[in-house]
Amino acid sequence: MATADNNPRPKLAYFAIPVFIGLIALFESWHFVSFFRVFTFSAVALLLADIAWLTRGKLRDFFIILTSLAVGLIIIEGVSDSMMHQTGGTLAPRGHWSPAEPIIGWGPQVVGRFHDYRIDSSGKTIYDANYTIDHNLLRQTLSCKKGPPVVFFGCSFTFGDGVNDNETLPQNFSDLLDRKLRVLNLGFTGYGPQQFLREEETGRFDKVIGPDPKLFVFLTAVWHAERTACKAYWTARAPRYVVKDDKVVYVGECNPRGPSRWFRDWLENTALYREFVEPYRRQLTHDDIELYIRITDAAVQLAKTKYNASTVILYLRSDASFFRGTGFTDDEIMQRLRQGGATVIDASLQKEPPAKISIQGDGHPTPYANQLRASILKNYLAEHAPSLLQSASDPQCQGATASGSAD
């Protein structure tokens, strides 16, 4: 007499295998949907359970164990995603305008106007903004069309995540000068000192910048050390630098191409990793901050030797937790950067209420913060380097409203 184990399985059970595999692929494409990885793990659990049902003996036991592990991952990922939402996790689609880029890791590769937004777990809008990427693949800045530019480098704080084109730091600086000085915004989301240096080394934007820029401006903070140390979860494709023979040397990307990068991308896109692993992995060491300073100094020196341009650093003070166990302070970092040849301005806005200078639920600067920092920069230059602002009185630029990028 045949046992239940020997009964033939219905054809539907075999048909379900490619269906579950297709669902896994579908859910993995939902990168900006909350709990998308919970859906993935659920489909994996169903796939494994189906295979367990189709197999027998020890192989069935093996797949039952795998199914149990997948169910555990569903629970852990769901809890992690819920915790992340309670602490500010959001939905922020970026679409196709920021793909991988071979020189600096990633960046805009499509000209146009793009919509970006963030919402909290209750559905409330945190920000809703439009970004214009001009024909030089830079965030649009309305300024003078001609003349040596003031070039802004940096991360999303410089690019202007969460604010419209007319509210970015570079645009506010241009507006304070009545748009009579050429201003470029080379900042972008997730960048750090390594992109600043790599752009100079490769001449990626030399045609846009021109032969004789007036000034480089770099906004930074100690948390950029997570990026130069390749610890931030999005830096797998970022330029990687090390110190060899007392010199900063480019050695490729943070994660070499291949299976290890694919696994890192996959792992770091789980709520489980973001909530429980990443906070420990991103803790800074003395060597991490030392490398951050050295890379920034190298960018400042190259600005001087290659472009004959001075660099002003707008430095933002950070929470003491970033310095725990490192032996550094904000004041020591600023002093080191000054010794490296930069003019360093404290742009922390510590006297301002946090709600006025940071987008609540996000952390990026508000339009008001960008206005204040642009004013700090303009006033400093007017007092200490007035010659840099001379072309702001050039009659050729009166009324100019075109993008700061050269025609």
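It should be noted that the structure appears before, not after, this text.
Attention in this report is confined to the structure presented alongside it. (Residues numbered from 1 in each chain as written. Predicted model: local features only at pLDDT ≥ 70, side-chain atom pairs only at ≥ 80, totals over all residues. Heavy atoms only, no water.)

### What about the pairing of strand β5 (residues 150-153)?
And then number 1: Residues V150 and F152 line one face of β5 and the alternating positions V151 and F153 line the opposite face, and both faces are buried.
And then number 2: Note that β5 and strand β6 (residues 183-185) share 3 bridges and pair parallel. Bridge pairing links V151 to L184 in β6.
And then number 3: Pairing of β5 with strand β7 (residues 215-221) involves 4 bridges; the strand directions are parallel. The residue of β7 that forms the bridge with V150 is L215. (Buried < 20%, exposed > 50% of the residue type's maximum accessible area, 1.4 Å probe, protein only. Helix = DSSP H or I, 4+ residues; strand = E, 2+ residues; numbered from the N terminus. Pairing = 2+ DSSP bridges.)

### Observations regarding helix α2 (residues 36-54)
And then number 1: Here α2 is 19 residues long and its end C-alpha atoms lie 27 Å apart, about the 27 Å a rise of 1.5 Å per residue gives.
And then number 2: Turning to α2, its buried residues are F36, R37, V38, T40, F41, A43, A45, L47, L48, D50, A52 and L54. (Expected span 1.5 Å × (residues − 1).)

### Concerning the pairing of strand β10 (residues 310-316)
And then number 1: Along β10, 6 of the 7 residues are buried, which leaves the element largely enclosed by surrounding structure.
And then number 2: Where β10 lies against strand β11 (residues 343-346), 4 bridges are found, and the strand directions are parallel. Bridge pairing in β11 places I313 opposite V344.
And then number 3: Following the backbone out of β10, through helix α12 (residues 330-339) and into the adjacent parallel β11, one traces a crossover that is right-handed. (Right-handed = clockwise from strand over helix to strand, strands pointing away.)

### Observations regarding the packing of helix α11 (residues 286-307) against α12
And then number 1: Contact pair α11 / α12: the axes reach a minimum separation of 9 Å and the direction vectors enclose 30°. Taken together, the axes of α11 and α12 are roughly parallel relative to one another. The element α11 and its partner α12 pack so that their crossing is right-handed. Mapping the contact onto sequence places I289, E290, Y292, I293, R294, T296 and D297 in α11 and I333, R336 and L337 in α12.
And then number 2: In terms of residue class, the contact of α11 with α12 is made up of 5 nonpolar, 1 polar and 4 charged. (Axes fitted to C-alpha atoms, helices over the stretch in contact; angles between N-to-C directions. Parallel < 35°, antiparallel > 145°, perpendicular 65-115°, else oblique. Left-handed = near helix turned anticlockwise from the far one by under 90°. Contact = heavy atoms within 4.5 Å. Nonpolar A, V, L, I, M, F, W, Y, C, P; charged D, E, K, R; others polar.)

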